[in-house]
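Here is how the chains run, residue by residue.
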Amino acid sequence: VGHCHPDVVNAAHEQNQLLNTNSRYLHDNMVDYAERLSKTLPEKLCIFYFLNSGSEANDLALRLARQYTKHQDVIVLDHAYHGHLTSLIDISPYKFRNLEGQKEWVHVAPVPDTYRGLYREDHEDPATAYADEVKNIIEHAQKRGRKIAAFFVESLPSVGGQIIPPAGYFQKVAEHVHKAGGVFIADEIQVGFGRVGKHFWAFQLQGEDFIPDIVTMGKPIGNGHPLACVATTKEIAEAFAATGVEYFNTFGGNPVSCAIGLAVLDVIEKEHLQAHATEVGSFLMKTLKEQQIKHPIIGDVRGCGLFIGVDLIKDQAE
């Protein structure tokens, strides 16, 4: 919402003067904030865990999925990056290919990229074709006795090249993953909070009939303040609590963090930032496409709201 936004700075300052405490102590800010966030999400995503970073959020999402499904394996997209904890390096091809390599419980699916990928714009049904690749991975894994805990994906792959998956892809993948006993985790750390303009969450671009089982949030959630969140269903949260090992995070969801989170939501609403992302993004896309006509080095311009990619190439045909 902008560097040092006065409303956010003020919310932090005011709450800092009153109380900041370990989050074992009850405080209305946490409940108020969870309630406000819940209004932006589908109804079934109604349980919230607050943390300090996107990496913490993704690590917890992994734990939730494994505890709920009692499975271990994870399917990710090629080139994905989900954070810097050891558990997340393991599910980030962008990182592990340069480090210790791929673990046997990790399965890498092709990016649903209709510009450079396996199935392109001229394919009759790229969404199904890419989802079938995930289905094949599941079948192959099951033949080896592996069990899928989760399909873990950024709602719009960013490190992979600002990719916009074809509509319907998530629904089809979710069907295959659920059938295998896994859950669908949408990483909204880079693309949530109205960045895509048309919707508050990027996964909503896939259509109203698609709802992930777990959503992770970070980066813009606190406008630079360390704050993150995992939203999930009652069923998944209950299975997680059933271990008797409670989830606790000393500073995740402390009163100051939640005051900041609330202020960020206020600013997004008050300053119509979603509409702004749509308007500025459309202008930028339009002018980039004008450049594309003039310059053969620009192979593709793609995006939604203020999530935009420009693909630079050497040869149009290839």
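Residues numbered from 1 in each chain as written. Predicted model: local features only at pLDDT ≥ 70, side-chain atom pairs only at ≥ 80, totals over all residues. Heavy atoms only, no water.

**A few points about helix H3 (residues 54-69)**
What counts here: Only DSSP runs of H or I reaching four residues or more are called helices, and only runs of E reaching two or more are called strands; each is numbered from the N terminus. Each residue after the first adds 1.5 Å to the expected span of a helix. Categorising residues by exposure relies on relative accessible area from a 1.4 Å probe, with only protein chains included: less than 20% of the type maximum marks a residue as buried, more than 50% marks it as exposed, and the intermediate range marks it as partly exposed.
With 16 residues, H3 should cover 22 Å at 1.5 Å per step; its first-to-last C-alpha distance of 22 Å lies within 8% of that length. Buried residues of H3: Gly54, Ser55, Ala57, Asn58, Leu60, Ala61, Leu62, Leu64, Ala65 and Thr69, and no others. Note on H3: the residue one or two positions beyond its end, lysine 70, has a positive phi of about 65°.

**Structural notes on helix H2 (residues 28-38)**
This is how it is decided: An arc is given here, and it is the one of the directions from the helix axis to the C-beta atoms. Here, residues are in contact when the closest pair of their heavy atoms is within 4.5 Å.
Every buried residue of H2 is accounted for by Asn29, Tyr33, Ala34 and Leu37. Taken end-on, H2 shows its buried residues confined to a sector of 130°, consistent with a single buried face. Counted as exposed and oriented over 90 degrees from the buried face of H2: Asp28 and Val31. Buried residues along H2 sit in contact with helix H1 (6-18), strand S1 (47-51), strand S6 (214-217), strand S7 (228-232) and helix H9 (255-270).

**Re the sheet that holds S6**
Spelled out, the test is: Think of it this way: DSSP has to see at least two bridges between two strands before they count as a pair. Axis definition: a line fitted to C-alpha atoms, limited for helices to the stretch in contact. Angles are taken between N-to-C directions and run from 0 to 180 degrees.
Sheet architecture is open: seven strands sit in the order S1-S7-S6-S5-S4-S2-S3, paired in mixed fashion. With one partner strand each, in any of the chains shown, S1 and strand S3 (106-109) form the two edges of the open sheet. For this sheet the average axis-to-axis angle between neighbouring strands, irrespective of direction, equals 20°. As paired elements, strand S2 (residues 73-77) and S3 share four bridges and run parallel to each other. Each bridged residue has a counterpart across the sheet, and for valine 74 the counterpart in S3 is valine 106. Against the sheet, helix H7 (residues 169-179) touches S2, strand S4 (148-154) and strand S5 (183-187), its axis set at about 140° to S5.

**Examining the pairing of S2**
Burial analysis of S2 places five of its five residues in the buried class, the great majority of the element. Two elements, S2 and S4, share four bridges in a ladder whose sense is parallel. Following the sheet pairing, aspartate 73 is matched in S4 by isoleucine 148.

**Considering the layout of surface pockets**
Just so we agree on the cut-off: We place a 1 Å grid over just the protein atoms. Points where a 1.4 Å probe fits but has no way out form a cavity, open points with protein on both sides within 12 Å along at least 5 of 7 lines form a pocket, and any residue with an atom within 4 Å of a point lines it. Grid points are joined across faces, edges and corners, and a volume is the space filled by probe spheres set on the points. By the convention adopted, Pro, Cys, Tyr, Trp, Phe, Met, Ile, Leu, Val and Ala count as nonpolar, Lys, Arg, Asp and Glu as charged, and the other residues, Gly among them, as polar.
Considered as a void within the structure, the largest pocket measures approximately 500 Å³ in volume. The wall of the largest pocket is formed by 19 residues, among which Ser23, Met30, Phe48, Tyr49 and Tyr247 lie closest to the centre. Among the elements that make up the lining of the largest pocket, the one with the highest residue count is S1 (four residues). Classifying every residue of the lining of the largest pocket by side-chain character gives 13 nonpolar, four polar and two charged.

**Overview of a negative patch on the surface**
Which entries qualify depends on this criterion: Each patch groups residues whose relative accessible area exceeds 30% and which form no salt bridge, using 9 Å between like charges and 5 Å between nonpolar side chains of Val, Leu, Ile, Met, Phe, Trp and Tyr. We get accessible surface area from the Shrake-Rupley algorithm with a probe of 1.4 Å; when it comes to residues, only the shown protein chains can shield them. In what follows, salt bridge is the name for a side-chain nitrogen of Lys or Arg lying within 4 Å of a carboxyl oxygen of Asp or Glu. We treat Lys and Arg as the positive residues and Asp and Glu as the negative residues; His and chain ends play no part in the count. For this purpose, a charge sits on NZ of Lys, CZ of Arg, CG of Asp or CD of Glu.
Together, Glu124, Asp125, Asp132 and Glu139 give the surface a local cluster of negative charge. The residue glutamate 124 is located in the loop between S3 and helix H6 (126-143) in this model.

**A closer look at the domain arrangement of the protein**
Applied cut-off: Segment limits for the domains were obtained from an automatic or database-derived domain assignment. The quantity reported as buried area is the accessible area (1.4 Å probe) lost by two parts once they are put together, taken as the sum for both.
Taken as a whole, the protein is organised into domain 1 (6-271) and domain 2 (276-312). Relative placement of domain 1 and domain 2: their C-alpha centres are 26 Å apart. Between domain 1 and domain 2, the contact holds 16 residues from the first and 14 residues from the second. For the pairing of domain 1 and domain 2, the buried interface totals around 1,200 Å² over both sides, and the portion due to carbon and sulfur atoms is 59%. Among the residues domain 1 hides against domain 2, the three largest losses belong to Tyr115, Gln162 and Arg195. Together they make up 44% of the total. If you look at where domain 1 meets domain 2, you find one salt bridge.

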